[in-house]
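Single-letter residue listing:
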There are 2 protein chains.
Amino acid sequence: MKRLARPSAVQRLVEKHRAAGRRVGLVPTMGALHEGHASLVRRARRECDVVVVSIFVNPTQFGPREDFSRYPRTLGNDLKLLRREGCDLVFAPSVRDMYPEGFGTMVVPGPLASELEGAHRPGHFAGVATVCVKLFTICKPHRAYFGAKDYQQALVVEQVAHHLNLDLRVVMCPTRRDLDGLALSSRNRFLSAAEREVALALPRAIREAARVLRSGRATPRAAQRRGRAALSRVKGLVPDYFEVRQADTLLPCSPKDRRVVILAAARVGKTRLIDNLRVFLN
Amino acid sequence: MKRLARPSAVQRLVEKHRAAGRRVGLVPTMGALHEGHASLVRRARRECDVVVVSIFVNPTQFGPREDFSRYPRTLGNDLKLLRREGCDLVFAPSVRDMYPEGFGTMVVPGPLASELEGAHRPGHFAGVATVCVKLFTICKPHRAYFGAKDYQQALVVEQVAHHLNLDLRVVMCPTRRDLDGLALSSRNRFLSAAEREVALALPRAIREAARVLRSGRATPRAAQRRGRAALSRVKGLVPDYFEVRQADTLLPCSPKDRRVVILAAARVGKTRLIDNLRVFLN
C-alpha cells in the first residue's frame, strides 16, 4: 500500500493507471475510520482495479465554532485498517498541500445545499464541494464512494460532479450501524455511555416515522410532526431538525410522493449527530 | 475535423487520445474568430498532438445589461478558419448542453477576480471560472491557450486551475493587433469607422504610459495619472479604468516593482473595449 501527500504525485500515478485501462475507485474520508468506511473500501475493491482512499480533515467545511481542531485523528489505526482492506493508495495531504498560501477559489453548490445541514452549517457544503472537486481532479477516479449516513452530502457532491462535468460516478453506499442502531460515525467516540443512550433516540424516532409512513397511517407531514414531538421529549438531546423530504431533491414532500427520506440532526452534549433513512412507499 | 456538441461524447474521445499518450491542447473561444484566435490554434497545433477548439458564447459570464444576445455568432466562418488552421475537434455545445435544467453550481474565484474587470462586471469571473472548469473537465487538455488581451481573465483562470488541481497548464499568448494598433477583439466589428478612430486612444494611452515608465521619468502612479488624463480628454470615449498594477498579482504597485502591467477599459458608443500591456522595467 502506497502513501502519498503531494497532489501532483498522485496525479502522475493515477494517470498511468488510467492510461493502462485500469478503473480507479476513490473513497474520500476524514480519517478516524470505522466499519462504515471499511464497507466503502470493500465495495470499491470489488468494483475497481485501483482503490485510492484519501484521508484529510478538511478545514473549509467546518464553521468557526465547530469541531475542526478536536475532530479525531487516528492515522496509525486508519492505515492498519486500509492495509487490511486491500487499499492500494492512501492520499493523506497536509492542509498546506491542499490549500497553498493565497488559496481562494470556492466551488459553491446550488439551492440543494442551502437546506437542512446547509441551513445549520453555513458554508459547510461549499467547503465539501470544493474539497471533493479537488480530490476528484487529483485522484481522477472513475467512481467515488460515499456513505448514505451523510445523505445530503452525497446528493450535493453528485450534483456538483454532474454540473461540473466531472467524468466519474458517485456511488452512495448503505449506512452502517452498531447493534444498538446508532449510525456509525467518527464522532460517536465523543459520546459518554449515558450520552450514547440519549443519542439512540435519533434512530428510534426515524424508525418510528418510517413505520407509520409505511403503514399508510400518516402523511409525510404527520410523520414529521410525530418525529419532532418524540425528539423534543428526550432529555439531554437538542434537535436541529427532523424532516421528511423527497428522496431525490430534498424538497418538502406532498402526500403523493413515494420516494421519501427521513432526515434528522441533533446535539447530545457537545456532539452533533445526524442520521437518515430512505423510505420507498407503494 | 470533427464537430461535437455533447460533453460526454467529447470526454469519450479525448480519454482515448490521452490513453494513447497523445497531448491534448484546448483553445476555449466564444466564436466570432479572428487572427488572435488563429494564433492560439497555431500555437496549440505546434505544441500538442490533438487540438480541440471550443465555441460557446457563455451566458453566465455576461451581466444582465451586457451584450450576450448581440454578441457576434459566425459559426460558418469559424469552422472554415479552424479547418484551415488544422484544428482536430470543435466542441460547440448548446446552452442546454452546458447548463442543463436546474444547473446551480458555480466556481467562485478569489480576490484577484474582484478587481478591475471584476469590479466593473460583477459575477463575470465566476461565470468565466465556471465555464472554464467545465471546458477543462470535458476536454481534459494538457494545455489550454488564452490570449493576453484578456489579461486578468488568463490570470484568474490560471489561479482557479491551480487551486482546483486541474492537471493542465494555462498558456498565455501575445495579444494580436491590427496595423493601427487596436487589439483584435470580436467586439471590434461593432465599431463604426469614426468610433474606431476614437477607440485607438486606448492603445495609444497605454503605449505612452509604457514609454514614460520605461524611460524612468515616471513612477507607476504618475504614469497611471497621465494615462487617465489622456483618456479623459478623448471625446466619445468613456473610460472605466486605467491602472498600472503588479504583473503577476494585479495588486497596486509600488515604485520598486519591476514587472508591471498597464490595463485599461473604456466604452466607445455601445461597445466596451479592454486592452493591456506588460512592461518589464530594469
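That block above? That's the structure.
Now for a quick tour of the structure. This is a predicted model, so every value here is computed, not measured.

Considering the relation of the copies chain B and chain A
Expressed as a screw transformation, the operator carrying chain B onto chain A has a rotation angle of 180 degrees and an axial translation of 0.0 Å, and the superposed copies differ by an RMSD of 0.0 Å. Both copies are brought into coincidence by an operation consistent with a two-fold rotation axis. By residue overlap, the copies meet face to face through one surface: 100% of the interface positions of chain B are interface positions in chain A.

What to know about the interface of chain B and chain A
Each partner contributes to the interface: chain B provides 25 residues, whereas chain A provides 25 residues. Class assignment of the residues belonging to the side of chain B that touches chain A gives a composition of 13 nonpolar, nine polar and three charged. Of the strand pairs in this sheet, strand E5 (residues 106-108) of chain A and strand E5 (residues 106-108) of chain B are connected by three bridges, and their pairing is antiparallel. Bridge pairing in E5 of chain B links Val107 of chain A to Val107 of chain B.

Focus on the pairing of strand E7 (residues 169-173) of chain A
All names here are of chain A. Pairing geometry for strand E6 (residues 143-147) and E7, over five bridges, is parallel. Counted as the bridge partner of Tyr145 is Val171 from E7. Taken together, E6, helix H7 (residues 151-163) and E7 form a β-α-β motif whose crossover is right-handed.

As for the sheet that holds strand E8 (residues 237-246) of chain B
Residues and elements named next belong to chain B. Taken in spatial order, the three strands make up an open sheet running E8-E9-E10, and their pairing is antiparallel. Since the sheet does not close on itself, it has two edges, and those belong to E8 and strand E10 (271-280), each with one partner. Averaged over all pairs of adjacent strands, the angle between their axes in this sheet comes to 10 degrees, without regard to strand direction. Bridge count for strand E9 (residues 259-268) against E10 is 10 bridges, and the pairing is antiparallel. Its bridge partner lying in E10, Arg267 is registered against Arg272. Sitting on the sheet, helix H9 (residues 201-215) touches E8, E9 and E10, and the angle it makes with E10 is about 20 degrees. Running over the sheet, helix H10 (residues 220-232) touches E8 and E9 and is turned about 170 degrees from E8.

Some details on the nonpolar core
Of all hydrophobic cores here, the largest spans 152 residues; its most connected members are Ala129 and Cys139 of chain A together with Ala129, Cys139 and Ala264 of chain B. With near-sequence residues (within four places) excluded, Cys139 of chain B lies in contact with Val10, Val14, Val24, Leu26, Val52, Ser54 and Phe91 of chain B.

Observations concerning helix H10 (residues 220-232) of chain A
Residues and elements named next belong to chain A. The end-to-end C-alpha distance of H10 is 18 Å, a good match for the 18 Å that 13 residues give at a rise of 1.5 Å each. Of all the residues in H10, the buried ones are Pro220, Ala223, Gln224, Gly227 and Leu231. Along the long axis of H10, the arc covered by the buried residues comes to 100 degrees, so they all point the same way. Summarising the geometry of H10, the exposed residues directed more than 90 degrees from the buried face are Ala229 and Ser232. Where the residues of H10 are buried, they touch helix H9 (201-215), strand E8 (237-246) and strand E9 (259-268).

Points about unusual backbone geometry
Backbone phi values are negative for most residues with the exception of glycine, while trans is the configuration of most peptide bonds. Phi is positive for Lys140 of chain A, close to 45 degrees, though the residue is something other than glycine. One can find Lys140 of chain A in the loop between helix H6 (124-139) and E6. Lys140 of chain A sits in the buried class, given 23 other C-beta atoms within 10 Å. With a phi close to 55 degrees, Asn165 of chain B is a non-glycine residue in the positive phi region. Inspection of the secondary structure puts Asn165 of chain B in the loop between helix H7 (151-163) and strand E7 (169-173). Residue classification places Asn165 of chain B among the partly exposed residues on the basis of 19 C-beta atoms within 10 Å.

Procedures and definitions
Residues numbered from 1 in each chain as written. Chains lettered and ligands numbered in written order. Predicted model: local features only at pLDDT ≥ 70, side-chain atom pairs only at ≥ 80, totals over all residues. Least-squares fit on C-alpha atoms with pLDDT ≥ 70 in both. Contact = placed C-beta atoms within 7 Å. Nonpolar A, V, L, I, M, F, W, Y, C, P; charged D, E, K, R; others polar. Pairing = 2+ DSSP bridges. Helix = DSSP H or I, 4+ residues; strand = E, 2+ residues; numbered from the N terminus. Right-handed = clockwise from strand over helix to strand, strands pointing away. Axes fitted to C-alpha atoms, helices over the stretch in contact; angles between N-to-C directions. Core = buried A, V, L, I, M, F, W, Y, C linked by C-beta atoms within 7 Å. Buried ≥ 20, exposed ≤ 12 C-beta atoms within 10 Å, placed from the backbone. Expected span 1.5 Å × (residues − 1). Arc of directions from axis to C-beta.

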